[in-house]
Amino acid sequence: MKLGRLNHIGVVVPDMAAALAHWRDVMGATSFEEPHVPQDGLKIMFVNTPTHSGNDGTQMELIQPLNDKTAVSGFLAKNAAGGQHHVCFEVPDIDAAREEFEAMGKRVLGPTRIGAHGTPIFFVHPKDMQGMLTEIMETPKGDH
Ligand code: CO
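All residue numbers refer to position in the chain's written sequence, counted from 1. Given that the model is predicted, a residue must reach a pLDDT of at least 70 before its local features are reported, and side-chain atom pairs must reach 80 or more before they are shown or counted; all residues, however, enter totals for whole chains, interfaces and linings. Processing note: side-chain calculations cover all non-hydrogen atoms of the structure and skip hydrogens and water entirely.

**Student:** Would you explain the coordination of the cobalt ion in this entry?
**Tutor:** Taken together, His8 (NE2), Glu61 (OE), His86 (NE2) and Glu135 (OE) make up the protein donors of the cobalt ion, found 2.0 to 2.2 Å from the metal. Here the term donor refers to an N, O or S atom within 2.8 Å of the metal (or 3.2 Å for Na, K and Ca), and because water is left out of the atoms, sites may appear incomplete. Note on geometry labels: four donors, all angles 85 to 135 degrees, give tetrahedral; four donors become square planar and six octahedral when opposite donors are over 155 degrees apart and every other angle is between 65 and 115; remaining cases are irregular. Around the cobalt ion, the four donor atoms sit at angles spanning 87 to 175°, and that spread fits a shape best called irregular. The sequence pattern formed by the donor residues of the cobalt ion is H-x52-E-x24-H-x48-E. One end of the pair, Glu61, is in strand β4 (residues 59-65); the other, His86, is in strand β5 (residues 83-91), and 25 residues separate them in sequence. What counts as a helix is a DSSP run of H or I of at least four residues, what counts as a strand is a run of E of at least two, and both are numbered from the N terminus.

Structure follows, in structure tokens:
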């Protein structure tokens, strides 16, 4: 497994407007991004976190389910105030990474698919990942 940078931390929120106000007014965020590719049943916004070097900040992914059938609806039902949901690390080659996780007996959840950043992603089961639902994402072309 070739570990790349931490791309984002996913947070489920019950109310996107309130979440954005929190990140702006309490945390001082000034840069927000819509997803490149919308995800079914989900309202998503990325909060950009700045760094001193200027171009490799990471993101918070705010995820609000719009109905009770999405991948995060059950999480919100159990955690009404929302909360930390997953971490996402980049890899240079998504197919190689998937093969490596599967060879190690890690449970990969569902097919490799196009995530909100427009690059291929998959998720690995938290019980095989030290308790963290882990998203693996191919590094966007043109980055780094
Ligand atoms: Co994510």
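**Student:** Teacher, can you tell me more about the side chain of Thr119 here?
**Tutor:** Looking at the element boundaries, Thr119 is found in the loop between β6 (108-114) and β7 (120-124). Between buried and exposed lies partly exposed: a residue is buried under 20% and exposed over 50% of the maximum accessible area for its type, with that area taken using a 1.4 Å probe on protein chains only. Note on Thr119: relative accessible area 8%, which makes it buried. Polar contact criterion, stated in full: a pair of N or O atoms within 3.5 Å, where within protein one must be able to donate a hydrogen and the other to accept it, and residues adjacent in sequence count only if both atoms are side-chain atoms. Among the polar contacts made by the side chain of Thr119, one reaches the main-chain carbonyl oxygen of Glu138 at a distance of 3.2 Å. The residues touching Thr119, leaving out its near neighbours within four places in the chain, are Arg113, Ile114, Met137, Glu138 and Pro140. Any two residues whose heavy atoms approach within 4.5 Å are treated as being in contact.

Keep in mind that these numbers describe shape and distance, not what the molecule does.
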